[in-house]
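Analysis of the macromolecular model
One letter stands for each residue in the lines below.
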Amino acid sequence: MINKIFKRLIILAAFIAPIQSYAARIDTLSVKSEKMNKEIEVVVIVPDKAINHQECPTLYLLHGYSGNARTWINIKPELPDMADKDGLIVVCPDGENSWYWDSPTNQDSQFETFVSKELVNYIDSNYCTVKNRNGRAITGLSMGGHGGLWLSIRHKDVFGGGGATSGGVDIRPFPNNWEMKKQLGERDTNKEVWDNHTVITQLDKINNGDLAIIFDCGTSDFFFEVNNNLHAELLKRGISHDYITRPGAHDGKYWNNSIEYQWLYFSKFFKGYKSK
């Protein structure tokens, strides 16, 4: 009797197995930057569709100051399930404390080139991606929010969408914070450099419709005012964008929630271009 039951269970398992879903794969890579002559850690979440050779869009997620390549997956452990559900490849590079600039003073901190060129080329060469701007978006938190908008605005040929959550979108009110002086020099003696290395001064590089833009900030965040200023400047210029404010501070609880709205926004962006 037991043998008959066991055989029936085996037969039942054979029918069930083909319809089971498969979890996204998480790769931890060392990607060589030729410009910086060093290896950079990168976490890549690969959905089942990409594993099975279907082209998938790519969302680049950038961490904040003092973070690393694993920051986002620690803040949002559900990312692999989200990636699998919507068929998105997620790329999380270690940006050190670079603010994602090519530093004019520090040759070891050339992360604008690394993320927008070297890393994109590596990902497109090694994964089943949509290999054009309509299949790429970039966002991040805090310093990474600055990076998401900085890189998408300056490289709109590479990224079709850009965003920020709690982003430091104007660095100039914070001249003594987050090691920015290591990358740009003292603000008092390098005012023009600081003026040229912040998101809000880059808006003349885009016209309405050039980018899908979303950013948000909590009302208790120390970056709330500079995000409001960016929103006002985009409105003044007639550049379409989504701007969201909600109660919240500069912390993981806020980002765990906020990234879901940005995920939805970029998923719709990817699907919109796919349907055209």
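Note that the structure is a prediction, hence the values are computed from the model and not measured. (Residues numbered from 1 in each chain as written. Predicted model: local features only at pLDDT ≥ 70, side-chain atom pairs only at ≥ 80, totals over all residues. Heavy atoms only, no water.)

What about the confidence of the model for the protein chain?
We count it as follows: Each residue gets a pLDDT score, which is the predictor's confidence in that residue and runs from 0 to 100. Residues count as neighbours in contact if any of their non-hydrogen atoms are within 4.5 Å of one another.
Taken as a whole, the protein chain shows an average pLDDT of 91; of its residues, 91% reach a score of 70 or greater. Long-range and interchain partners of residues 1-20, a stretch whose pLDDT sits below 50, account for one contact in this model, where long-range means more than four residues apart.

Looking at the packing of aromatic side chains
This is how it is decided: To pair, rings of Phe, Tyr and Trp, with the six-membered ring standing in for Trp, must have centres within 6.5 Å; the planes then decide the type, stacked if under 30 degrees apart, edge-to-face if over 60, and tilted in the middle. Throughout this description, buried means an accessible area under 20% of the type-specific maximum (1.4 Å probe, protein chains only), exposed means over 50%, and partly exposed covers the range between. Helix and strand definitions follow DSSP, with helices as H or I runs of at least four residues and strands as E runs of at least two, each counted in order from the N terminus.
Taken as a whole and assessed by the stated rule, the structure comprises 12 aromatic pairs. Here the aromatic rings of Trp-99 and Trp-101 are separated by 6.0 Å at their centres, their planes lie at 20°, and the arrangement is stacked. Since its relative accessible area comes to 1%, Trp-99 is described here as buried. Between Trp-178 and Phe-223, the ring centres sit 5.3 Å apart and the planes meet at 55°, which makes this aromatic pair tilted. Linking Trp-178 in the loop between strand 6 (161-165) and helix 7 (180-184) with Phe-223 in the loop between strand 7 (212-218) and helix 9 (224-237), this pair joins segments that are 45 residues apart in sequence. Joined through ring pairs, the aromatic side chains of Trp-99, Trp-101, Phe-174, Trp-178, Phe-222 and Phe-223 make up one cluster.

Observations regarding the side chain of His-241
Short version of the rule: Two N or O atoms form a polar contact when they lie within 3.5 Å of each other; inside protein one atom must be a possible hydrogen donor and the other a possible acceptor, and for residues adjacent in sequence the pair counts only when both atoms belong to side chains.
Mapped onto the fold, His-241 is located in the loop between helix 9 and strand 8 (242-246). Taking the relative accessible area as the measure of exposure, His-241 reaches 15% and is therefore buried. Of note is the side chain of His-241, whose polar atom sits 2.8 Å from the side chain of His-231. Of note is the side chain of His-241, whose polar atom sits 2.8 Å from the backbone oxygen of Ile-239. The contacts of His-241, once residues within four sequence positions are left out, are Ile-213, Phe-215, His-231, Leu-234 and Leu-235.

As for the pattern of salt bridges
Short version of the rule: Only one rule defines a salt bridge in this text: a Lys or Arg side-chain nitrogen within 4 Å of an Asp or Glu carboxyl oxygen.
If you walk through the whole model with that rule in mind, you get 17 salt bridges. The partner of Lys-156 in a salt bridge is Asp-210, with the nearest N and O atoms 3.0 Å apart. Taken together, the residues span a long stretch of sequence, with Lys-156 in the loop between helix 6 (143-154) and strand 6 and Asp-210 in the loop between helix 8 (191-195) and strand 7 at a distance of 54 residues. We classify Lys-156 as partly exposed; its relative accessible area is 28%. With a shortest N-O distance of 3.4 Å, Arg-172 and Asp-195 are connected by a salt bridge. Placement of Arg-172 in the loop between strand 6 and helix 7 and of Asp-195 in helix 8 is noted, with a sequence separation of 23 residues between them. Judged by relative accessible area, which is 22%, Arg-172 ranks as partly exposed. Among the residues examined, Asp-195 registers a relative accessible area of 18% and is labelled buried. Counted as one network, the salt bridges with shared partners bring together Asp-170, Arg-172, Lys-191 and Asp-195.

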